[in-house]
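Report on the structure
Residues per chain are reported as follows:
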Amino acid sequence: MVSAPRWVGIGEVEAAVRSKSRWIVNKLEASRERRQKIEAARIQWQDGATFPFLGEQVIVVLDPRHDFRETGGMLHTDRETLPGVTRMTLHIGLPQTAQPSQVRDAVQAWLMRQAKRIFTERLEHYAPQLGVQWRKLTLTSASTLWGTAKTDGSIRLNWRLVHFRMAVIDYVVAHELSHLRVMDHSPRFWETVKTVVPNYPELRAQLKDQPAPVW
Ligand SMILES: [Zn+2]
């Protein structure tokens, strides 16, 4: 429904409807583009699949000769393939005949282990700078929430953040730790974030525009 105040002439109402429909078309267009971006980010889980890790593309190599039960996988950084080009591969101890779900689960297990290690390290880096104490880190996998913090010092972070470059992870870590000082999103809260991550608006925008890959 498009309602108009009584004193507006019919020509003005028509103009308003026209501009409103342009607005609707733009909204639909934006949502279609977003769906396409998400679809393009969907990963085909097989030998040679690529996924982003800390903002870099990593290639999955199924490598049944090795047993990675301890670590889930082994990351290789190969600088020799082409001069100046760094190629990162994640070797997973699965045969070529592995099901896509097995490949996905193995990569996810490896990423979650990396997430725990990286997030703990960044929490330990920023907590003293903000003068706060965190107590417990829990990894989550909600698709719409990157992190939460509670007054008791418990922090929940989405493991999928490891897809993004370190600066983005740092922003989320600093954001949640700042909540241990200011629980709301008041100007005082953002001032607190800014003391440790001065360029947070740019990082926050990146997190909003770039969907994480679909699993
Ligand atoms: Zn917040």
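Located above this text is the structure these notes cover.
This part covers the coordination of the zinc ion. All of the protein donors around the zinc ion are His175 (NE2), His179 (NE2) and His185 (NE2); their distances to the metal are 2.0 Å. Sequence spacing of the donor residues for the zinc ion, all on one chain, is H-x3-H-x5-H.

The subject of this paragraph is the nonpolar core. Within the largest apolar cluster, 52 residues are counted, with the highest numbers of intra-cluster contacts made by Phe51, Val60, Val107, Phe119, Leu161, Tyr171 and Leu177. For this core, the secondary-structure elements that each account for two or more residues are β1 (50-53), β2 (56-62), β4 (85-92), α2 (100-130), β7 (154-158), α3 (166-178), α4 (187-196) and α5 (200-209). Take this core: its biggest share by element is twelve residues, from α2. Not counting the four nearest positions on each side in its chain, Leu161 is found in contact with Phe119, Trp146, Ile169, Val172 and Leu207.

Glancing now at the packing of α2 against α4. At their nearest, the axes of α2 and α4 sit 10 Å apart, and the two run at 120 degrees to each other. Here α2 is positioned oblique relative to α4, judged by the angle of their axes. Every pair of crossing elements has a handedness; the one defined by α2 and α4 is right-handed. Of the residues in α4, those touching α2 at Tyr126, Gln129 and Leu130 are Thr192, Thr195 and Val196.

Read from one edge of the open sheet, three strands run β5-β7-β6, paired in mixed fashion. The sheet is open, and its two edges are formed by β5 (136-140) and β6 (147-149), each paired on a single side. Strand-to-strand twist of the sheet, defined as the mean angle between neighbouring strand axes without regard to direction, takes the value 15 degrees. Where β5 lies against β7, five bridges are found, and the strand directions are parallel. In the strand pairing of β7, Leu139 is matched with Leu157. Here α2 sits on the sheet and contacts β5 and β7; the angle it forms with β5, its principal contact strand, is near 140 degrees. Of the strands in this sheet, β6 and β7 touch α3, which is tilted by about 155 degrees from β7.

Conventions and cut-offs
Residues numbered from 1 in each chain as written. Predicted model: local features only at pLDDT ≥ 70, side-chain atom pairs only at ≥ 80, totals over all residues. Heavy atoms only, no water. Donors = N, O, S within 2.8 Å, 3.2 Å for Na, K, Ca; no water. Core = buried A, V, L, I, M, F, W, Y, C linked by side-chain atoms within 4.5 Å. Buried < 20%, exposed > 50% of the residue type's maximum accessible area, 1.4 Å probe, protein only. Helix = DSSP H or I, 4+ residues; strand = E, 2+ residues; numbered from the N terminus. Contact = heavy atoms within 4.5 Å. Axes fitted to C-alpha atoms, helices over the stretch in contact; angles between N-to-C directions. Parallel < 35°, antiparallel > 145°, perpendicular 65-115°, else oblique. Left-handed = near helix turned anticlockwise from the far one by under 90°. Pairing = 2+ DSSP bridges.

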